[in-house]
Amino acid sequence: MPTAIVTERLTKSYGRARGVVELELTVAAGEVYGFLGPNGAGKTTTIRTLLDFLHPTSGRAEVLGLDSRRDSLEIRRRVGYLPGDLVLYERLTGREHLDWLASLRGGGDATARDALVERFQADLDRPIRQLSKGNRQKLGLVQAFMHDADLLVLDEPTAGLDPLMQEEFHDLLRETVDAGRTVFLSSHSLDEVQHVADRVGIIREGRLVAVERVEELRERASRRVDVRFAPAVTPDPSAFTGLPGVTDVSVRGDLVSFGVTGSIRPVLRVAADLDVVDLLSRPADLEEIFLTYYRGDEAADGPGDEHGAAS
Amino acid sequence: MSLPIAARTLADRRRPLLWWVVGLVAYAGMILAVYPTIKSEPGIQDLARNYPKGLMALFGMDPENFDLAETATFLNTYLFSAIVPLIFVILGASRGATVVAGQEEHGVLDLVLSYPVRRRDYVLQQALEVVVELVLVGLALFLTVVVGGALVGLELDVGRLAVATGALVLLGAVFAGVALVVGCVTGTKGVADGVAAGVGVASYLVSSLAGIASWLEPFRYLSPFWYATDGAMTKGVPAWHLAVLVGLLAVLVAAAVGLFERRQLAG
């Protein structure tokens, strides 16, 4: 499978600690790749290096098979980009702004643009200075998608979007990859990308600490289970401790709570023979896994330690 | 050939540019309006003749050969040696600083340069836009002097006036070039504007004081101000002065392009 983005030991140092260190990133063509990390981890630095705004201190990056330094113009011809800190010409209306941006690519067909505008209900008639953050962000998305980019590079794309528009945006991402295009998006929250990303790369303090398939993460993630016993019964936590995948067993009143990784069947089997009145299983909290990476817990340290966080 | 970047910037500048034109036309108009008074009141000339030499130099007056009633001397003194050329310098410096460094600080360059726009084209189109602004302001000055001059009875050499005005446009463009270069290196509008305007004022002082301080005389060859304004209306600006200014502008713009292409964008 061809790759959309490859970085080889990509390093960008600043005077201070900021930057990225020996980043080895591989984004396959046709996937949605979520680039995750807390603010200041190096996400934007990486993206700005791919676009040749920044030059690598060492290492290199290839975008769509082209060198990020030498072939930047051709890369930018084929990439749609949404900056993390979107700044537009305040005095223009949305329409004037989009027209002008289109003219930088030599103008052309406005049908794709119009479809996107309708989809996001973007306001094209008011001057941009009168638009809210969310409405500006819509224009940012429209401009990134309005030409047939082979690769979309989106820095925190959902910032300021309301839930309905986020949904719309997720649909758009699906259609985009279905059409064979690639999406590379950054976010500081897994919640935002877990429904759209095929894979996620997690960056912390400039280093890529993990690359995971979202599906696998979900399987490994720990569910919280609460078992409620009948009022007359004294809850017995020992029945659950030691079952496969069960961790952190605790008792609170008539409630026994624990985490379960993997199948819940062993738990159900045990519970069936006890005087249980209710059992509540809450969905896997992927965010919790990511927080362990973010915090730099022992278990999550070092790239390649794929199962560290879940164990 | 389409120049979307230059066109966008110019469209955005319509209103402020209009005010620059209004201000300059008003200033030049007022100066022209006092010409009949100066001509008919020899006392004013005697007063001016008694100015300290330094002051006369600052206003481009030649203490030895000085007749304010004469059109060329009058225009040289009041329009083509101090305030008006400095207005071109200040406009040029401010615009040269804004069109690249100012845009970068504003943050909009991140979006614009993510499009297939060569950095070279970006700088060249913006430089062109600044020159167009200066030309428009120059044209306003030229027309004001031609029309106003006719009204107050100036005996005008229109060809010489055109060249002198063109020289002011070039002067402004040179300092726009200085601001572009500094802006392309630092990415900071304030620094670019300040350095360019500062160098502009220094070159004005060198140019005007060289006439009375002989040790300064060799340095006037380093002053764009001198090339653009020395005897602009009395002797006329020689072609080689214009050539020096054009060459300097070309070098500055080329340097700005080269420096900006090698630079990383502030995020």
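Refer to the structure presented above.
Residues numbered from 1 in each chain as written. Chains lettered and ligands numbered in written order. Predicted model: local features only at pLDDT ≥ 70, side-chain atom pairs only at ≥ 80, totals over all residues.

A. Expanded view of the overall build of chain B. On a plain count of helices and strands, chain B comes out with 13 helices and zero strands. Reading the helices (α) and strands (β) of chain B from amino to carboxyl end gives α-α-α-α-α-α-α-α-α-α-α-α-α. The buried share among the 267 residues of chain B stands at 47%. Considering only residue pairs separated by 6 or more positions, chain B has 76% of its internal contacts joining residues 24 or more positions apart. (Helix = DSSP H or I, 4+ residues; strand = E, 2+ residues; numbered from the N terminus. Buried ≥ 20, exposed ≤ 12 C-beta atoms within 10 Å, placed from the backbone. Contact = placed C-beta atoms within 7 Å.)

B. Inspection of helix 10 (residues 158–186) of chain B at higher detail. Residue and element names in this part refer to chain B. End to end, helix 10 covers 42 Å across 29 residues, agreeing with the expected 42 Å (1.5 Å per residue, within 8%). Burial analysis of helix 10 places 21 of its 29 residues in the buried class, the great majority of the element. Looking one or two residues past helix 10, Gly-187 carries a phi angle of roughly 70°, positive in sign. (Expected span 1.5 Å × (residues − 1).)

C. The arrangement of the sheet that holds strand 7 (residues 79–82) of chain A in detail. Residues and elements named next belong to chain A. Taken in spatial order, the six strands of this open sheet run 7-8-9-4-10-11, and their pairing is mixed. Each of the sheet's edge strands pairs with one partner strand only, and the pair in question is strand 7 and strand 11 (207–213). Sheet twist, expressed as the average angle between the axes of neighbouring strands with direction ignored, equals 15°. Taken strand by strand, helix 5 (residues 133–145) contacts strand 7 and strand 8 (151–155), and its axis lies near 170° from that of strand 7. Relative to strand 9 (residues 182–187), helix 6 (residues 163–178) is tilted by about 145°, and along the sheet it contacts strand 4 (32–36), strand 8 and strand 9. (Pairing = 2+ DSSP bridges. Axes fitted to C-alpha atoms, helices over the stretch in contact; angles between N-to-C directions.)

D. Expanded view of the interface of chain B and chain A. Across the boundary between the two partners, chain B contributes 17 residues, which contact 21 residues of chain A. Where the side of chain B that touches chain A is concerned, the elements lending two or more residues are helix 1 (4–12) and helix 8 (109–112) of chain B. In terms of residue count, helix 1 of chain B provides more of the side of chain B that touches chain A than any other element does, three residues in total. The residue makeup of the side of chain B that touches chain A, split by class, is eight nonpolar, five polar and four charged. (Nonpolar A, V, L, I, M, F, W, Y, C, P; charged D, E, K, R; others polar.)

E. Inspection of helix 6 (residues 71–78) of chain B at higher detail. Across the eight residues of helix 6 of chain B, seven count as buried, placing the element largely inside the fold. At its buried positions, helix 6 of chain B is contacted by helix 2 (14–33) and helix 3 (35–40) of chain B.

F. Here's a closer look at the environment of B:Val152. Residues and elements named next belong to chain B. Relative to the helices and strands, Val-152 is located in helix 9 (residues 119–152). Classification of Val-152 as partly exposed rests on a count of 17 C-beta atoms within 10 Å. Along the sequence, Val-152 and Leu-265 sit 113 residues apart, while their C-alpha atoms lie 53 Å from each other. Residues contacting Val-152, with those up to four places away along its chain left out, are Leu-32, Ala-33, Tyr-35 and Pro-36.

G. Broad picture of the nonpolar core. Grouped together as the largest cluster of nonpolar side chains are 145 residues, with contacts concentrated most on A:Val142, A:Phe184, B:Leu171, B:Val178, B:Ala179, B:Leu180 and B:Ala196. Among the elements that take part in this core, helix 10 of chain B stands out by supplying 17 residues, more than any other. When residues no more than four places from it in sequence are discounted, the contact partners of B:Ala179 are B:Ala93, B:Gly96, B:Ala97, B:Ala192, B:Asp193 and B:Ala196. In terms of nonpolar packing, the next biggest core, distinct from the first, is built from nine residues, A:Val227, A:Phe240, A:Phe258 and A:Val260 among them. (Core = buried A, V, L, I, M, F, W, Y, C linked by C-beta atoms within 7 Å.)

H. Representation of the packing of helix 1 of chain B against helix 9 of chain B. Residue and element names in this part refer to chain B. Two elements in contact, helix 1 and helix 9, have axes separated by 8 Å at closest approach and are oriented at 40°. By the angle between their axes, helix 1 is oblique relative to helix 9. Remark: the crossing between helix 1 and helix 9 carries right-handed chirality. Packed against helix 1, whose contacting residues are Ile-5, Ala-6, Thr-9 and Leu-10, the element helix 9 presents Tyr-122, Gln-125, Gln-126, Leu-128, Glu-129 and Val-132 at the interface. The class makeup of the residues in the contact of helix 1 with helix 9 is six nonpolar, three polar and one charged. (Parallel < 35°, antiparallel > 145°, perpendicular 65-115°, else oblique. Left-handed = near helix turned anticlockwise from the far one by under 90°.)

I. Unusual backbone geometry, seen in detail. Residue and element names in this part refer to chain A. For Gln-121, which is not glycine, the phi torsion reads 50° and is therefore positive. Among the structural elements, Gln-121 can be located in the loop between helix 4 (111–120) and helix 5. Of note, the phi angle at Glu-205 is positive, near 50°, even though the residue is not glycine. Mapped onto the elements, Glu-205 comes out in the loop between strand 10 (199–204) and strand 11. C-beta crowding within 10 Å serves as the criterion here: with 17 such atoms nearby, Glu-205 is assigned to the partly exposed category.

J. Spatial organisation of the sheet that holds strand 14 (residues 255–261) of chain A. Residues and elements named next belong to chain A. The four strands are arranged 13-14-12-15 in an open sheet whose pairing can be described as antiparallel. For this open sheet the edge positions go to strand 13 (246–252) and strand 15 (276–282), each flanked by a neighbour on one side alone. Averaged over all pairs of adjacent strands, the angle between their axes in this sheet comes to 15°, without regard to strand direction. Both strand 12 (residues 222–229) and strand 15 contribute to a ladder of six bridges, which runs antiparallel. What sits directly across from Val-225, in strand 15, is Ser-281.

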